[in-house]
Amino acid sequence: MRRHGWYTGAGRWRLTALLGVAATALALVVALTHLSGDGASTAGTSRDGDKVHGTPSVPSGRPEPSLGWGFTHTQYSADVGSGTATQRVERSLARDGGLPQVQALMGWGADNPEPVRGRYDFGAMDRRIDFVRGSGGTPVVTLCCSPDWMKGGRPGAGNTDWSRTALETAPTPDHYQDFADLAVTVARRYPDVRHFIVWNEFKGFWNNAEGRWDYEGYTAMYNLVYKALKKVGKDIMVGGPYLGMDSVDPRQKENASATFRGPWGAMDQRVLDAFDYWNRHKAGADFVVVDGSSYTDTDELLPDEFGATDKLTAVGQWVRRRTHGLPLWWAEYYVEPADARDDRKGWSEARRLAVHAAGLIAMARGGTDSGFYWNPEEKTGRCPGCLWSPTDSAQGGRTLPMYGLLSRFGRAFPPGTRYETVSVAPDDVPNVRVLATAKTVLVVNTLDRAISAQVAGKRFPMAAYEVKWLDR
């Protein structure tokens, strides 16, 4: 998740200011009764982390390794806010089948799940899972990040270091098994979560001495988690490596692949090496996970914003060949570069929708089975590119154009879709992107002007950057 803002769920167990000496003394007494053997505070935690939460509806039979098109929850999502607004979002999602929804284990809206070894705090995670259940969605958990005591930090409720550097630190090798044990606790607590992604973008797995990814370390941890989850239930679906498929300027020599390149750039060879190591040494995988952007590591859209999406097709095809057809997930995908504040607010909504639709088409052409939109929800105010308006008021929670595109794409092109080739007028070929089945055709005008297009034997007008759906 390096290409966007990262968010934490810190703060739920911060002590508020106490009034008066008596109150302070009382708080001290309470604190002293909530200490672990090493003196770390256990306030707000419990030992029964693996106790089943709520009343989950566990689907019968083996789950499918492909889920379709959905989104990821971040710090601000529709599990909090005005009850009217959050229920509005739930109803919208339920009408569209819930959509698959991803939640991280720690950070991005979730608190430290195990502040002290064997003491758990799943309050925020419970709330997110409840929202997914309430909206009829399929829950997915990304097993990242890890408690401080697994990576050299201080244990204890209230001691979590939520800085970006700390959050993106991986467990030390002597705690890989502890992290696998935590994954088991999560699987037992939420038996309706049947799909787990192991870690996120190799965060903390960098070999400084050799200037490359520590793919040996990641794979060692991945294998422990995979084996541990399979012991909980052999039908649990596990995937990785969730590598950021970075590309560089095609003129660049350093770290650039000599063979995997196109008009959109050249793949970073260090990423390809890391992927190949994991693929050769993994204990197993039910699906394969990547993420990335259409633009280069210096935010170049080559040859332009629409042509750059061809990278997503090329990456998908490369991954599918190497994994012999494992279902392909994009845990994140980006087609609009961020500014210095990591915001994506520079494009009009029409341009954003058109380029995003082109990106979805490109991923589908590359063999993608599941893709998850990183929902950039704001806490309040305007929210360009969001799926729904902020839920901070009763007027919020209303679906936005990006939601309409994503949900309709998911309905029209579910896993297993058989795509067809349709006719496109020669003069329209450079200007439109098309994806078709026997029933539906999606057409995107890539120009910032109106055109008259002829696709699948039909002629029709298209506004600038219009995304049009045709029935066949």
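Colleague: Would you mind going over the pairing of strand β16 (residues 451–455) in detail, with residue names and values included?
Modeller: Here β16 shows a clear split, with Ile-451, Ala-453 and Val-455 buried on one side and none of Ser-452 and Gln-454 buried on the other. As paired elements, β16 and strand β17 (residues 458–462) share 5 bridges and run antiparallel to each other. Looking across to β17, one finds that Ala-453 is bridged to Phe-460. Where β16 folds back on β17, the antiparallel hairpin that results is connected by 2 residues, among which Ala-456 adopts a positive phi of roughly 55°.

Colleague: Would you mind going over the packing of helix α9 (residues 349–365) against helix α10 (residues 401–412) in detail, with residue names and values included?
Modeller: Taken N-terminus to C-terminus, the directions of α9 and α10 make an angle of 20°; their axes are 10 Å apart at the nearest point. In terms of orientation, α9 and α10 fall into the roughly parallel class. Like other packed secondary-structure pairs, α9 and α10 cross with a definite hand, here right-handed. For the pair formed by α9 and α10, the contact residues are Glu-349, Arg-352, Leu-353, His-356, Ala-357, Leu-360, Ile-361 and Ala-364 on the first element and Pro-401, Met-402, Leu-405 and Phe-409 on the second. Class assignment for the residues of the contact of α9 with α10 results in 9 nonpolar, 1 polar and 2 charged.

Colleague: Quick one: what's the story with empty space enclosed by the protein, residue by residue and with numbers?
Modeller: The final tally for this structure, using the stated rule, is 2 cavities of 30 Å³ or more. When its volume is computed, the second largest cavity comes out at roughly 40 Å³. If you go around the second largest cavity, you meet 10 residues; those closest to its centre are Thr-72, Val-102, Thr-142, Tyr-242 and Ala-331. Of all the secondary structure elements, the ones that give two or more residues to the lining of the second largest cavity are β12 (328–334) and β13 (368–374). When its residues are assigned to classes, the lining of the second largest cavity shows 7 nonpolar, 2 polar and 1 charged.

Colleague: Can you break down the sheet that holds strand β1 (residues 68–72) residue by residue, with the values?
Modeller: What links the strands of a sheet is backbone hydrogen bonding, and the strands pair in either a parallel or an antiparallel sense. On the basis of which strands lie adjacent, the closed barrel formed by 8 strands has the order β1-β2-β3-β4-β7-β11-β12-β13 and parallel pairing. Recorded for the sheet is a direction-independent mean angle of 25° between the axes of neighbouring strands. Judged from the 5 bridges that link them, strand β2 (residues 100–104) and strand β3 (residues 138–143) form a sheet pairing that is parallel. In the strand pairing of β3, Gln-101 is matched with Pro-139. Packed on one face of the sheet, helix α3 (residues 123–134) meets β2 and β3 and runs near 175° to β2. Contacting β3, β4 (195–198) and β7 (237–244), helix α6 (residues 215–232) runs over the sheet at an angle of about 160° to β7.

Colleague: Could you give an account of the state of the cysteines, with specific residues and numbers?
Modeller: Following the criterion strictly, the structure yields 1 disulfide and no others. Through a disulfide, Cys-383 is tied to Cys-386; the S-S separation comes to 1.6 Å. Residues Cys-383 and Cys-386 are joined through a disulfide that is left-handed, its torsion about the S-S bond being -50°. Here Cys-386 falls in the buried class, since its relative accessible area comes to 0%.

Conventions adopted
- Residues numbered from 1 in each chain as written.
- Predicted model: local features only at pLDDT ≥ 70, side-chain atom pairs only at ≥ 80, totals over all residues.
- Heavy atoms only, no water.
- Buried < 20%, exposed > 50% of the residue type's maximum accessible area, 1.4 Å probe, protein only.
- Helix = DSSP H or I, 4+ residues; strand = E, 2+ residues; numbered from the N terminus.
- Pairing = 2+ DSSP bridges.
- Axes fitted to C-alpha atoms, helices over the stretch in contact; angles between N-to-C directions.
- Parallel < 35°, antiparallel > 145°, perpendicular 65-115°, else oblique.
- Left-handed = near helix turned anticlockwise from the far one by under 90°.
- Contact = heavy atoms within 4.5 Å.
- Nonpolar A, V, L, I, M, F, W, Y, C, P; charged D, E, K, R; others polar.
- 1 Å grid on protein atoms, 1.4 Å probe; cavity = no way out; pocket = protein on both sides within 12 Å on 5 of 7 lines; lining within 4 Å.
- Points joined across faces, edges and corners; volume = space filled by probe spheres on them.
- Disulfide = S-S within 2.5 Å.

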